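Analysis of the macromolecular model
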Amino acid sequence: MAKTALITGILGQDGPYLAKFLLEKDYKIYGLVRRYSNPNFGNLEYLKIADKVDYVEGDMADEASLLNLIRVIRPTEIYNLAAQSFVAASFEQARLTTEVNSLGVLHLLNAIKMFSPTTKFYQASTSEMFGLQHTNGYQDEKTPFHPRSPYGISKVYAYWLTVNFREAYGIFTSNGVLFNHESPIRGPQFVTRKITDAVAKIKIGLAKNLHLGNLEAKRDWGFAGDYVEAMYLMLQQEKGDDFVVGTGENHSVKEFVELAFRFAGIPHWEEYVVVDPLFKRPSEVPELRAKSDKARKILGWKPKTNFEELAKMMVEADIKRYKILNPKS
Ligand code: NAP
Ligand code: GDD
């Protein structure tokens, strides 16, 4: 019988890439969509799979909706990708972030325990949990957590809850501790997409500058399309476990800016970039870099797309998008 997967966060960045990957493996996909006056299926349409998903309604903040859903569909696997995932917003909306990212996971895990204890559960954990901590310049599965935002804190709760349901009830649960991953369908508020979107607009003559915060922050950036394979592989193991997933290389925001302008063929990026305190965070994570030896060894996973290829892919996609919208430019 075909495997079934429930993907929460189906309308975000990772949901569509994961759905595409699992559809190619003949999964039946249920995608959780919350009540919205106007839901946006644009990312699924971009990957040409919007009509291949079975949409189900529910909200991570509404326990009954998740209990009923799991009772009815009892999927083989659940990939919990839904979150208030924007770190900057979590400082202003800490409670909402906690309700969705922490308590939402409690609701889902309780639903599994009560109605579908053989369902395997993937939790979208994050390198933001490490915050200021590192082990010789890297973060791996043994590095302690020191989150620096309500977002990071909400994800630490969810991480440990995921471990606890494995230890206490024997449920198959795994944490994928993923480092930053991007794509042409990355949300426009995240720094890489904000940069490639602005660069494309500048190229076409639709914008004159780009306001950014901390240019010195370093991230380990990979391609979302590569990372969803690691999620899948985690749930194909004999038992649930926790894995760090990243490229092992990091770069500053400034390096990403330089590359993006270069790929767009625009010289002198400094003339366009304005450092704006509005985009600085009350507490920053200065540097993240993954040591994902465990994922490489046990899952056999490694990234396929490097930093330059990622930046180029995103710049080209945004330029193409604006050219279609402004054919005379
Ligand atoms: P994303 O683009 O922000 O997508 C998050 C999705 O969650 C959106 O589709 C959103 O739905 C949904 N959502 C938010 N609140 C919800 C609620 N109350 N009920 C149901 N759905 C809700 O995030 P992403 O980049 O795909 O990341 C996927 C997951 O991985 C997130 O949990 C994120 O925290 C985590 N993560 C991401 C990265 C990364 O670099 N991308 C790295 C590590 C971990 P709407 O479309 O309705 O708003
Ligand atoms: N968004 C944004 N906008 N970030 C900026 C800007 C700006 O104008 N200027 C500088 N930055 C810096 C941020 O301060 C941060 O240090 C870095 O760029 C990356 O910011 P984001 O792209 O917003 O991502 P993030 O690292 O905070 O969080 C993302 O990655 C996490 C994994 O490490 C999100 O996808 C999280 O959901 C994910 O868990």
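Predicted, not measured: the structure shown is a model, and the values here were computed from it. Throughout, residues of each chain are indexed from 1 in the direction in which the sequence is written. Here every chain gets a letter starting at A, and every ligand a number starting at 1, in the order they are written. Confidence filtering applies because this is a predicted model: local features only for residues at pLDDT of at least 70, side-chain atom pairs given and counted only at 80 or more, and all residues used for totals across whole chains, interfaces and linings. Side-chain numbers here rest on the full set of heavy atoms in the structure, without hydrogens or water.

**Some thoughts on the overall build of the protein**
Selection criterion: A helix here means a DSSP run of H or I that spans at least four residues, while a strand means a run of E at least two residues long, and both kinds are numbered starting from the N terminus. Computation of the radius of gyration draws on C-alpha atoms alone. For the globule rule, the value is 2.2 Å times the number of residues to the power 0.38. Summary of the burial criterion: residues with accessible area below 20% of their type's maximum are buried, those above 50% are exposed, and those between are partly exposed, where the area comes from a 1.4 Å probe applied to protein chains only. A contact between two residues is defined here by any heavy atoms of the two lying within 4.5 Å.
Check the secondary structure of the protein and you find 11 helices and 13 strands. The C-alpha atoms of the protein give a radius of gyration of 20 Å, which matches the 20 Å a tight globule of 329 residues would have. Taken along its principal axes, the extent of the C-alpha atoms in the protein is 60 × 45 × 40 Å. Looking at the protein as a whole, 54% of its 329 residues are labelled buried. Taking the contacts inside the protein whose residues are at least 6 apart along the sequence as the reference set, 80% of them involve residues at least 24 apart.

**Section: the site of ligand 2**
Just so we agree on the cut-off: Neighbouring residues are identified by heavy atoms, a residue being near a molecule or strand if any of them is within 4 Å of it. N or O atoms within 3.5 Å of each other form a polar contact, as long as, within protein, one can give a hydrogen and the other can take it, and as long as residues adjacent in sequence are counted only when both atoms are side-chain atoms. Methods summary: accessible areas were calculated by the Shrake-Rupley approach with a probe of 1.4 Å, and residue burial reflects only the protein chains presented. Each residue is assigned to one of three groups, with Ala, Val, Leu, Ile, Met, Phe, Trp, Tyr, Cys and Pro labelled nonpolar, Asp, Glu, Lys and Arg labelled charged, and all others, Gly among them, labelled polar. Each domain's extent is set by a domain assignment, obtained either automatically or from a database.
What surrounds ligand 2 is a group of 24 residues, the closest being Ser-85, Ser-127, Tyr-151, Asn-180 and Arg-281. The separation between an oxygen atom of ligand 2 and a polar main-chain atom of Val-191 is 2.8 Å. Relative to its unbound accessible surface of 710 Å², ligand 2 loses 96% to contact with the protein. Within the residue set of the shell around ligand 2, elements represented by two or more residues are helix H7 (191–204) and strand E8 (210–212). Partitioned by chemical class, the residues of the shell around ligand 2 number 10 nonpolar, eight polar and six charged. Lining the shell around ligand 2 are residues from two domains, each supplying at least three of them: domain 1 (4–181 + 222–245) and domain 2 (187–219 + 249–288 + 306–321).

**Section: the site of ligand 1**
Taken together, 24 residues form the shell around ligand 1, and within it Arg-34, Tyr-36, Asp-59, Ser-85 and Tyr-151 come nearest. At a separation of 2.8 Å, an oxygen atom of ligand 1 approaches a polar side-chain atom of Lys-155. With respect to ligand 1, the side chain of Arg-186 contributes an N or O atom lying 3.1 Å from a nitrogen atom. Contributions of two or more residues to the shell around ligand 1 are made by strand E5 (120–126) and helix H6 (150–169). Considering each element in turn, the shell around ligand 1 owes the most residues, three residues, to E5. Classifying every residue of the shell around ligand 1 by side-chain character gives 11 nonpolar, eight polar and five charged.

**Points about the sheet that holds strand E4 (residues 77–80)**
Put simply, the rule is: Between any two strands, at least two bridges found by DSSP are needed for them to pair. Fitting a line to C-alpha atoms yields each axis, with helices limited to the stretch in contact; the angle taken between N-to-C directions then spans 0 to 180 degrees.
What the seven strands build is an open sheet, ordered E3-E2-E1-E4-E5-E6-E11; its pairing is parallel. Two strands close off the open sheet at either side, each with one partner strand: strand E3 (54–57) and strand E11 (242–245). Pairs of neighbouring strands in the sheet enclose a mean axial angle of 20°, with direction left out of account. Strand direction decides the pairing type here: E4 and E5, joined by four bridges, are parallel. If you follow Asn-80 over to E5, its bridge partner there is Gln-123. Those strands touched by H6 are E5, strand E6 (173–178) and E11, and its axis lies near 150° from that of E6. Against the sheet, helix H8 (residues 224–234) touches E4, E5, E6 and E11, its axis set at about 160° to E6.

**Details of a negative patch on the surface**
We apply this condition: Here the term patch refers to residues with relative accessible area over 30% and no salt bridge, with like charges joined within 9 Å and nonpolar side chains (Val, Leu, Ile, Met, Phe, Trp, Tyr) within 5 Å. Every case where a carboxyl oxygen of Asp or Glu lies within 4 Å of a side-chain nitrogen of Lys or Arg is listed as a salt bridge. For the purpose of charge, His is not counted, nor are the chain termini; Lys and Arg are scored as positive and Asp and Glu as negative. By convention, the charge on Lys lies at NZ, on Arg at CZ, on Asp at CG and on Glu at CD.
A surface patch of negative charge is lined by Glu-249, Glu-255, Glu-258, Glu-270, Glu-271, Glu-308 and Glu-309. Breaking the negative patch down by element, the ones donating at least two residues are helix H9 (253–264) and helix H11 (307–325). Checked against the element boundaries, Glu-308 lands in helix H11. Overall, Glu-308 belongs to the partly exposed group, its relative accessible area being 39%.

**Quick notes on helix H5 (residues 94–115)**
So the rule is basically this: Expected span of a helix: the number of residues minus one, times 1.5 Å.
Spanning 22 residues, H5 covers 30 Å between terminal C-alpha atoms, matching the ideal 32 Å at 1.5 Å per step. Within H5, burial applies to Thr-97, Val-100, Asn-101, Ser-102, Gly-104, Val-105, His-107, Leu-108, Leu-109, Asn-110, Ala-111 and Ile-112.

**Focus on the nonpolar core**
Test applied: Among the buried residues, those of types Ala, Val, Leu, Ile, Met, Phe, Trp, Tyr and Cys that are joined through side-chain atoms within 4.5 Å form a nonpolar core.
If you look at the biggest cluster of nonpolar residues, it comprises 67 residues, and the most contacted ones within it are Leu-22, Ile-29, Tyr-79, Tyr-122, Ile-195 and Phe-261. Examining the composition of this core, we find that eight residues originate from one element, H8, more than from any other. In terms of nonpolar packing, the next biggest core, distinct from the first, is built from 23 residues, Ile-73, Ile-112, Ala-158 and Leu-161 among them.

**Digging into unusual backbone geometry**
Phi is positive for Arg-74, which is not a glycine, with a value near 35°. Tracing the backbone shows Arg-74 in the loop between helix H3 (63–73) and E4. In this model, Asn-136 sits at a positive phi of 50°, which is unusual for a non-glycine residue. Residue position: Asn-136 is located in the loop between E5 and H6. For Asn-136, a relative accessible area of 72% translates into the label exposed.

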